[in-house]
Amino acid sequence: MSAKDTLVEELRRHALIIGEVTLTSGATAQYYVDAKRAILRPAGFTALGELVAHYARQWEATAVGGLTMGADAPACAALAGGADVKAFFVRKESKAHGLQRKVEGPPLQPGERCLIVEDVVTTGGSTVQAIEAVRAEGYDVVGVVTVLDRLAGGAEKIKLASDDAPYEALATIDEVYPDRPDRTDG
Ligand SMILES: O=P(O)(O)OC[C@H]1O[C@H](OP(=O)(O)OP(=O)(O)O)[C@H](O)[C@@H]1O
Ligand SMILES: O=C(O)c1cc(=O)[nH]c(=O)[nH]1
């Protein structure tokens, strides 16, 4: 089975939760994809690592990361998948003690070629937060990869915030939950 097919299958089996939930945006939904339940298992993590490492090579990224915690597993998986990159986590808030860094990991250099990763994109707000933090520190965004896109308008916001850097969803909600109640295309 391909890495992509394995990832979709693992998300279906382990991550899809049917029931009413409140999302990060405050909106209510009738299902949730707890991607961490799938990508923090051997099969999902290995498949994810292969796929993220592929895009890191394709876009000549020198660093892979994004907003914690959504980016944590994908960034580590890229390293495990053999990508020759530094991994980094963007804090939701700067740390008030220690080195007071917002972007944690090996120090990045001006103009560093960053691949932004995320586990789930809904509105895209969390991913945009990572893009803006990375740019504010003087690094470049060369692409964005999410494990799953809920097809709720996030892709457009991410493309806008990243000046049209390439964006890839490794899986979409239509592949993981084809019968979702809010699907409008049949
Ligand atoms: O596209 P958005 O509308 O921003 O929603 C997606 C975000 O929601 C989840 O994070 P959450 O805020 O639950 O935090 P966590 O990853 O730290 O658990 C997920 O990991 C994404 O980062
Ligand atoms: O929008 C969100 O907060 C969200 C939706 C989802 O399906 N999974 C997730 O981790 N976050």
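Here is what the cut-offs are and how they apply
- Residues numbered from 1 in each chain as written.
- Chains lettered and ligands numbered in written order.
- Predicted model: local features only at pLDDT ≥ 70, side-chain atom pairs only at ≥ 80, totals over all residues.
- Heavy atoms only, no water.
- UniProt positions renumbered as here; feature names shortened; annotations may be inferred.
- Near = heavy atom within 4 Å.
- Polar contact = N/O pair within 3.5 Å; in protein donor to acceptor, adjacent residues only side chain to side chain.
- Areas by Shrake-Rupley, 256 points an atom, 1.4 Å probe, with all protein chains shown as cover.
- 1 Å grid on protein atoms, 1.4 Å probe; cavity = no way out; pocket = protein on both sides within 12 Å on 5 of 7 lines; lining within 4 Å.
- Sits in = over half its atoms within 2 Å of the grid points.
- Nonpolar A, V, L, I, M, F, W, Y, C, P; charged D, E, K, R; others polar.
- Buried < 20%, exposed > 50% of the residue type's maximum accessible area, 1.4 Å probe, protein only.
- Helix = DSSP H or I, 4+ residues; strand = E, 2+ residues; numbered from the N terminus.
- Pairing = 2+ DSSP bridges.
- Right-handed = clockwise from strand over helix to strand, strands pointing away.

Looking at an unreviewed UniProt entry, the protein chain carries the name Orotate phosphoribosyltransferase, with the source organism given as Solirubrobacter phytolaccae. One UniProt comment on the protein chain, placed under Catalytic activity (unreviewed entry), says "orotidine 5'-phosphate + diphosphate = orotate + 5-phospho-alpha-D-ribose 1-diphosphate".

(A) Region of the structure containing the site of ligand 2. The immediate surroundings of ligand 2 are formed by Leu23, Thr24, Tyr32, Val33, Val120, Thr122 and Arg150. Taking Thr24, its side chain carries an N or O atom lying 2.6 Å from an oxygen atom of ligand 2. In the model, an oxygen atom of ligand 2 is placed 3.1 Å from a nitrogen or oxygen of the Tyr32 side chain. Burial of ligand 2 by the surrounding chains reaches 92%, relative to a free accessible area of 290 Å². The pocket occupied by ligand 2, as judged from atoms lying within 2 Å of grid points, is the largest pocket. Considering only residue class, the shell around ligand 2 consists of four nonpolar, two polar and one charged.

(B) Focus on the pairing of strand E7 (residues 140–149). E7 sits mainly inside the fold: nine of its ten residues count as buried. Bridge analysis of strand E6 (residues 113–121) against E7 gives eight bridges, and the strand direction is parallel. Pairing of Val117 across the sheet is with Val145, part of E7. A crossover links E6 with its parallel partner E7, the connecting element being helix H5 (residues 125–136), and its sense is right-handed. In this structure, E7 lies alongside strand E8 (residues 167–172), joined through five bridges in parallel fashion. From the neighbouring strand, Val145 faces E8, where its bridge partner is Glu168. Note on the crossover from E7 through helix H6 (residues 154–161) to E8: the handedness is right-handed.

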